[in-house]
Every structure is written in C-alpha cells, then in structure tokens.
Amino acid sequence: MRKKDLLTLLEYSPEELRGILNLAAKHKKERGTVEKKTLAGKTGVLIFQKPSLRTRVSFETAIHELGGHVIYLPDESVGMDTRESVEDIARNLERIVHLVVARTYAHGTVTRLAGACGIPVINALTDWCHPCQALAFGLTMLEARPGKRLNAVFVGDGNNVCNSIMALCAKLGYSFTAACPKGYEPDASLTEKCKKICEETGGETNVTNDLHAAVEQADVIYTDVWASMGQEAEAEKRRAAFRGYQVDEALIARAPKDVLVSHCLPAKRGEEITGGVLDSANSVAYEEAENRLHVQKAVITYLFGG
Ligand code: CP
Ligand code: NVA
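What this report covers is the structure whose coordinates are included nearby. Here the structure is a predicted model, which is why all the values come from computation and not from measurement. (Residues numbered from 1 in each chain as written. Chains lettered and ligands numbered in written order. Predicted model: local features only at pLDDT ≥ 70, side-chain atom pairs only at ≥ 80, totals over all residues. Heavy atoms only, no water.)

**Digging into the overall build of the protein chain**
Just so we agree on the cut-off: In this description a helix means any DSSP run of H or I spanning at least four residues, a strand means any run of E spanning at least two, and both kinds are numbered starting from the N terminus. Our radius of gyration is a C-alpha quantity, and the globule rule it is checked against amounts to 2.2 Å times the number of residues to the power 0.38. Residue exposure (1.4 Å probe, protein chains only): buried if accessible area is under 20% of the type maximum, exposed if over 50%, otherwise partly exposed. We call two residues in contact when some of their heavy atoms are within 4.5 Å.
Along the protein chain, the regular secondary structure elements total 13 helices and nine strands. In terms of overall size, the protein chain behaves like a compact globule, its C-alpha atoms giving a radius of gyration of 19 Å where 306 residues would be expected to give roughly 19 Å. Projected onto its principal axes, the C-alpha positions of the protein chain cover 55 × 45 × 35 Å. Looking at the 306 residues of the protein chain, the share that counts as buried comes to 56%. Pairs at least 24 residues apart make up 77% of the contacts formed inside the protein chain by residues separated by at least 6 positions.

Pasting the structure below:
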C-alpha cells in the first residue's frame, strides 16, 4: 500500500477530515493517560526553512508523546537544493527515519519531498497553504460551536492560512467568505476548486472586498499577518494596501455579539488585529494554538494507520 502524506487537505475526503478531527478530540481527552504510542521506536525529522514557535513545539511534543524521537533540522544545516537536491534528501531520509515534517517557501519543495520518499510527509506550512493550522481551526470550531454549519469570514490577506481554511470549510460544508483588498484575494484556482467541492458538501465559498457586509452574519472572524514570512520587504506597501482591514473593536461591533475571533499567530498587534480583540472573550486564538498539538497527533496516528 502506498504511504500517505498530508500536503494540502484537498487530497482528503470530508469523512477522513472529520475522522481526523474526532481522533484529535480523543487525543486531547486522553493526553498523558491511555494515549496510543503510535511512534514507539520511530523517528521523525522536522526540516524547516522558516522560523516557527507553535508548529515546531507542537510537532516535537506530539512526536515525543506518541513515543517517538525527533530531530530538528533547520534548512541552514541541510541545504535543500543547495547542498544537495530535495529528492536526494528524501531518498536518504526514507532509509533512516520514519516521518518527515517540512516547512518550506515553495509549495513544490514539500510535494517533491513527498514524491521522492516512501515515508509520510506532513506539510508544516508552505507559501501556498498551512493545512495543520486549518485542522486546528476545525477542532476549535467543533469544540466552540458543536454541530453548527459555520459561517466563517477570513479578513485580510488571502494567504497560505486563508487558502487552507477555505479548503477545510469547503470540505466540511461550511460557509466561507474571504474579505480581502483588491489584489490580495486567495488563490483563484483554489477558490474555483473549493466552489466545486461545495456543490457536493453544501458549503459556500465567497470572495469579497466588502468586509463590513461579510462580518454581519459571521460565526467566526479569522485573520493573519499582512506580510507573511518571505514578504518582509513588502511590509510597508502591504500596510497601506490593508488599511481598513484591521480586525478591531469597531469591526467586531458589526458582527453578532457572540462572534468568535481567531488568528493563527504570531500576531502583529495593532496591525491586522488589535490587542484588545485578540485578548477579548471572543478570542479563541490560544485554544487554536493548543489544538495544533492534538490535531497533529491525530494526523500522525492516521498516517501510521491508527
Ligand atoms: N501558527 C504557526 O504556524 O505558528 P509558527 O509559525 O510559530 O509555527
Ligand atoms: N501567513 C503567515 C502564517 C504564519 C503561521 C506566514 O506564512 O508567515
């Protein structure tokens, strides 16, 4: 049987995704007690081209708590496509370890790693998507609004996190709206794909520039930084483009009173979100950060046949 990877979420059926989220809830409940040691005697490697707090710490903790050993490899010490090719790295790793978790710039780097090795590869963020973050969002929503057909609104940059949340919402039959300034909408071909998925799942995928109308019926408002890792040189230009798209108290006042607010973190307080909103009772951003651990354990368990 061919090994499985977690690369985008699009390769997973709604049933599989619901199964992973239910498994994550079980891991959360059983943490430190009867949790199955799926990775006993196994080793996972984390290859990261970009900085990380949550992703690194939650994957290292997940692998450790599942009984495995972890090796963290910053790309400076590996040199993907500089010291040796991505394919050669994959062909070496598959002979020594059992799992690769990769955070890269180009999305193609993760797919090349996955294509060239016979062990599971998990996407820990690329310029194009962040599937593990979307799964953590999914678990957080199941906990906060169980059984609800969610109306999720992403405000700001149609970036990697936006792409993955859009994909998850389509798969789960939620309504999703990206409210972005012109020129910063989510990936157009992915948006079309999500609309097609929604025909099957009963969800909805919308893209608008009108954030005020978008949040009026929102169950959850999500945002992320205006300049992602690798876009630092564009920060100034982007600050100007995103003016008016801040998730602040005035925007929250336009939404239903009990609207949830989330952010993948790290946040630039005072830019895409105010500190007041991030720290408010509506915010579930820190729950979602914790849920990274539980969903990643579930993904690993799933990929290893559990
Ligand atoms: N949300 C997230 O992926 O955080 P890190 O970049 O700190 O891993
Ligand atoms: N969009 C952000 C997410 C960080 C978790 C970035 O790529 O930098």
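**Let's talk about the site of ligand 1**
We count it as follows: What makes a residue near a molecule or strand is one non-hydrogen atom of that residue sitting within 4 Å of it. Nitrogen and oxygen atoms within 3.5 Å of one another constitute a polar contact, given that in protein one can donate a hydrogen and the other can accept it, and given that sequence-neighbouring residues count only through two side-chain atoms. What sets the accessible areas is the Shrake-Rupley method with a 1.4 Å probe; for residues, cover comes only from the shown protein chains. Site definitions follow a grid-based scheme: protein atoms alone, a 1 Å grid, a 1.4 Å probe that fits but cannot get out for cavities, and for pockets an open set with protein on both sides within 12 Å along at least five of seven lines, plus lining residues having an atom within 4 Å of a point. For a molecule to be placed in a cavity or pocket, more than half of its atoms must lie within 2 Å of the grid points of that cavity or pocket. Residue classes follow a fixed rule: Ala, Val, Leu, Ile, Met, Phe, Trp, Tyr, Cys and Pro count as nonpolar, while Asp, Glu, Lys and Arg count as charged, and any other residue, Gly among them, counts as polar.
Neighbouring ligand 1 are the residues Ser 52, Leu 53, Arg 54, Thr 55, Arg 103, His 130, Gln 133, Cys 264, Leu 265 and Arg 292. Within the side chain of Ser 52, a nitrogen or oxygen atom sits 2.6 Å from an oxygen atom of ligand 1. Between Arg 54 and ligand 1, the recorded distance is 2.8 Å, taken from a side-chain N or O atom to an oxygen atom. When ligand 1 is considered free in solution it has 260 Å² of accessible area, and contact with the protein chains removes 95% of it. The site holding ligand 1 turns out to be the largest pocket. Looking at the shell around ligand 1, its residues break down into three nonpolar, four polar and three charged.

**Looking at the sheet that holds strand β4 (residues 121-123)**
We count it as follows: Here a strand pair is declared whenever DSSP counts at least two bridges between the two strands. For helices, the fitted line uses only the C-alpha atoms of the stretch in contact; every axis is such a line through C-alpha atoms, and the angle between N-to-C directions lies from 0 to 180 degrees.
As summarised here, the arrangement of the four strands in space is β2-β1-β3-β4, forming an open sheet in which the pairing is parallel. Of all the strands in the sheet, just β2 (69-74) and β4 have a single pairing partner and so form its edges. For this sheet the average axis-to-axis angle between neighbouring strands, irrespective of direction, equals 20°. Bridge count for strand β1 (residues 43-48) against β2 is six bridges, and the pairing is parallel. Bridge pairing in β2 links Thr 43 to His 69. Running over the sheet, helix α5 (residues 107-116) touches β3 (99-103) and β4 and is turned about 165° from β4.

**Points about the layout of surface pockets**
Keep this limit in mind: Grid points are joined across faces, edges and corners, and a volume is the space filled by probe spheres set on the points.
A volume near 540 Å³ is recorded for the largest pocket. Considering the residues around the largest pocket, the lining is formed by 28 residues, among which Val 225, Ala 227, Ser 228, Met 229 and Pro 266 are closest to the centre. If you list the elements that add at least two residues to the lining of the largest pocket, you get α2 (54-65), α7 (160-172) and α10 (235-241). Of the residues that constitute the lining of the largest pocket, the class distribution is 13 nonpolar, six polar and nine charged.

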